[in-house]
Structure formats: C-alpha cells, structure tokens
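For reference, the chains in residue letters:
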Amino acid sequence: MSGLLEITNLTAGYGRIDVLHDLTMSIGAHGNVGLFGPNGHGKTTLLRAISGLVKARSGSIRFGGAAIANQTPRSIVGLGLVHSSQGNRLFPDLTIGECLALGAYTPRARAQEEANRERALKIFPKLSERWNQKVRTLSGGERQMVSIGTALMSSPAMLILDEPTLGLAPKIKEELCRAVLDISAGGIPLVVVEQDVEFLLELSQHLYLINHGQVAAEIKPGQTMDHADIMALYFGQ
Ligand SMILES: Nc1ncnc2c1ncn2[C@@H]1O[C@H](COP(=O)(O)OP(=O)(O)OP(=O)(O)O)[C@@H](O)[C@H]1O
C-alpha cells in the first residue's frame, strides 16, 4: 500500500554539499510517521525539501499522486501539505489573530477559515485568551502554539512538525504534546521530527532513523519498540 507522501531516491543539499543521499521513504499509509536521529544528519533538510524550501537535486516526491519536487512552497501548501517549521519562525510584530489569519491564504483554506480557526482555538485555548498580543511578547511555548495553530489554518491534509517540543519547560511541553495528540486524533496525519523518544513512540505508528542523510533503520507499523530499542538503534548496538 503506498503512502500519501512518497519520497523516492531523493538527493538534496546546500551549495556543493549533498545532505540527503538517495533517500527513499513512504509516509502516511499507516498513521503518523516519526523521524529521529542525531543532530545535523538531515531531518530538517528532508522536511524542507518536501515543502519546496530546499531544492531536490534528483529523485521524486509525490503527494497524493502529484509530483511536488521543486514546486513552490505556496503550491505545495495549496495541495494540503503544510509544514510548521523548527524555531517558531513567525513575524514578531503581528498579533496572534493576525498570524492565524495569514495561515488561511490559499483559496482552499480561505473557504474553511472559520472552521479551521475554531479547531485551532479548541486545541490551543490559550491563543484566544491572548488574541491581540504580539508574537514577540509570547513565551517559547506560546509561539509554538501560534506556529502550529497557523499551520492548522492552512487546512492541512498532512501536517509536518519539526521538533514541536524543542526547548520547552516540562509543563508547557506536556500541553504541546497533548495538543499534537489531539490534532492526530482529529484525523490529520502527521510527520514529526522529535528528540523526545517517549513522545515519538506514543505518537507514531511508523518510524525512520535518519543518519548521514539516509534511512538507517525503519520501525514498521505493528513492530513494537521501546525506549531502550530506540537507543540501541541510535548508538548502533
Ligand atoms: N541553510 C543551510 N546552508 C548550508 N548548510 C546547511 C543549511 N541548513 C543546514 N545545513 C547543514 O545541513 C546538514 C543537515 O542539517 P539539518 O538541519 O537538516 O539536520 P537535522 O538532522 O535536522 O539536525 P537538528 O536536529 O540539529 O535540526 C548540517 O550539516 C547543516 O550544517
């Protein structure tokens, strides 16, 4: 069974350097996909290539059957493949309300703007309490909520999250994890890069270890894994 997102023999990188080498993976046929692996080995680059932010040098990326490699990020979002990037890249002088409105820029999302806003605020009630507050005055966790909330405003058919809990204090991290699980329970398939292995195991049915820009190991749906197994994969024991 093929996935909603199929990546075949993908090579991509920056300048003269290839970061991803002939990478192949299938995403979305069996629930959420978790990506993990050491820092600097290409997870973010993979997400950026999928979203059209990094050029694919060779190989193919298909979403719902459509070839999307090197399409513009705008048209990829228009197809429903939406990326909430690492580090909450938001406009600091916009309010929460203005940020969320920006997420609804495609015709498809505009048609569903009200329902999407309702869904985002149900998942992140804190955002409605602070609707007119500027992003630069928010905490890291609140910015992450705005970032994912804005992605929800784009009517995702699949949502890509890059380290949604990175650097958060335990209480707010717990809130974010719960929200991500709620988004998944609402029926949006997820692709998640995450360093918290326990959370990744709870969330994902299918996992890939990315090492040196390639798939170094795959944990298939139905295969049980615990924290220790993942660590053994990480450290090659
Ligand atoms: N804009 C860029 N220009 C040049 N090299 C880059 C750029 N972005 C990333 N790289 C390099 O590409 C390699 C892979 O980085 P990437 O961010 O994809 O790794 P990662 O696995 O997501 O790591 P992390 O978990 O730390 O985010 C690294 O060597 C990094 O220095």
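Provided above is the structure to which this section pertains.
Our subject in this report is the structure included herewith.

Rules of the game
- Residues numbered from 1 in each chain as written.
- Predicted model: local features only at pLDDT ≥ 70, side-chain atom pairs only at ≥ 80, totals over all residues.
- Helix = DSSP H or I, 4+ residues; strand = E, 2+ residues; numbered from the N terminus.
- Buried ≥ 20, exposed ≤ 12 C-beta atoms within 10 Å, placed from the backbone.
- Contact = placed C-beta atoms within 7 Å.
- Pairing = 2+ DSSP bridges.
- Axes fitted to C-alpha atoms, helices over the stretch in contact; angles between N-to-C directions.
- Near = placed C-beta within 6 Å.
- Core = buried A, V, L, I, M, F, W, Y, C linked by C-beta atoms within 7 Å.
- Left-handed = near helix turned anticlockwise from the far one by under 90°.
- Nonpolar A, V, L, I, M, F, W, Y, C, P; charged D, E, K, R; others polar.
- Expected span 1.5 Å × (residues − 1).

With that settled, consider the overall build of the chain. Secondary structure assignment for the chain yields ten helices and ten strands. With the C-alpha coordinates aligned to their principal axes, the bounding extent of the chain is approximately 50 × 40 × 35 Å. Expressed as a percentage of the 237 residues in the chain, the buried residues total 41%. Within the chain, contacts between residues at least 6 apart in sequence are counted, and of these 68% link residues at least 24 apart.

Now for the sheet that holds strand β10 (residues 214-219). Sheet architecture is open: six strands sit in the order β6-β7-β8-β3-β9-β10, paired in mixed fashion. Every interior strand has two partners, whereas the edge strands, β6 (81-84) and β10, have only one. The mean angle between the axes of side-by-side strands here comes to 20°, regardless of whether they run parallel or antiparallel. Looking at chain direction, strand β7 (residues 158-162) and strand β8 (residues 190-193) are connected through four bridges and run parallel. When the sheet's bridge partners are listed, L159 is paired in β8 with L190. Packing of helix α7 (residues 140-152) onto the sheet brings it into contact with β6 and β7, and relative to β6 it is tilted by some 170°.

Glancing now at the site of the ligand. Taken together, the neighbourhood of the ligand is formed by Y14, V19, N39, G40, H41, G42, K43, T44 and T45. Counting residues per element, the shell around the ligand draws most heavily on helix α1 (residues 43-50), which supplies three residues.

Taking every second residue as pointing to the same face, both faces of strand β3 (residues 33-36) are buried, with V33 and L35 on one and G34 and F36 on the other. Bridging between β3 and β8 involves three bridges; their strand directions are parallel. Looking at β8, one finds that L35 is bridged to V193. The pairing of β3 with strand β9 (residues 206-211) spans four bridges and is classified as parallel.

The phi dihedral of N9 is positive, around 50°, even though this residue is not glycine. Within the fold, N9 resides in strand β1 (residues 5-14). A positive phi angle is found at D22, which is not glycine, with a value near 55°. C-beta crowding within 10 Å serves as the criterion here: with 14 such atoms nearby, D22 is assigned to the partly exposed category.

Side chains of a nonpolar character, in soluble globular proteins, are inclined to be buried together. Of all hydrophobic cores here, the largest spans 61 residues; its most connected members are L10, L35, I61, L159, V191 and V192. Ranked by the residues each element gives to this core, the list is headed by α7, at five residues.

This brings us to the packing of helix α3 (residues 96-103) against α7. Between two packed helices, both the angle of their axes relative to each other and the distance between the axes serve to describe the pair. Orientation of α3 relative to α7, taken along the N-to-C sense of each, is 35°, at an axis distance of 7 Å. Relative to α7, the crossing made by α3 is right-handed. Here I96, C99, L100, L102 and G103 of α3 come into contact with α7, specifically with V146, G149, T150 and A151. Classifying every residue of the contact of α3 with α7 gives six nonpolar, three polar and no charged.

Take G103: it is sitting in helix α3. Assessed through the 25 C-beta atoms surrounding it within 10 Å, G103 is described here as buried. A C-alpha to C-alpha distance of 21 Å links G103 and A185, two positions 82 residues apart in sequence. When neighbours within four sequence positions are excluded, G103 is seen to be in contact with A109, T150, A151, M153 and S154.

The terminal C-alpha atoms of α7 lie 18 Å apart, and with 13 residues this matches the ideal 18 Å at 1.5 Å per residue to within 8%. The element α7 is largely enclosed, with a buried count of twelve among its 13 residues. Buried within α7 are the following residues: G141, E142, R143, Q144, M145, V146, S147, I148, G149, T150, A151 and L152. Buried residues belonging to α7 abut β6, α3, α5 (113-123), α6 (125-129), β7 and α8 (170-185).

Right, let's talk about the environment of D18 for a bit. Residue position: D18 is located in strand β2 (residues 17-27). On the neighbour-count criterion, D18 (16 C-beta atoms within 10 Å) is partly exposed. As for D18 and R57, which are separated by 39 residues in sequence, their C-alpha atoms are 8.7 Å apart. Residue contacts for D18: discarding those within four places in its chain leaves T11, G13, R57 and G213.

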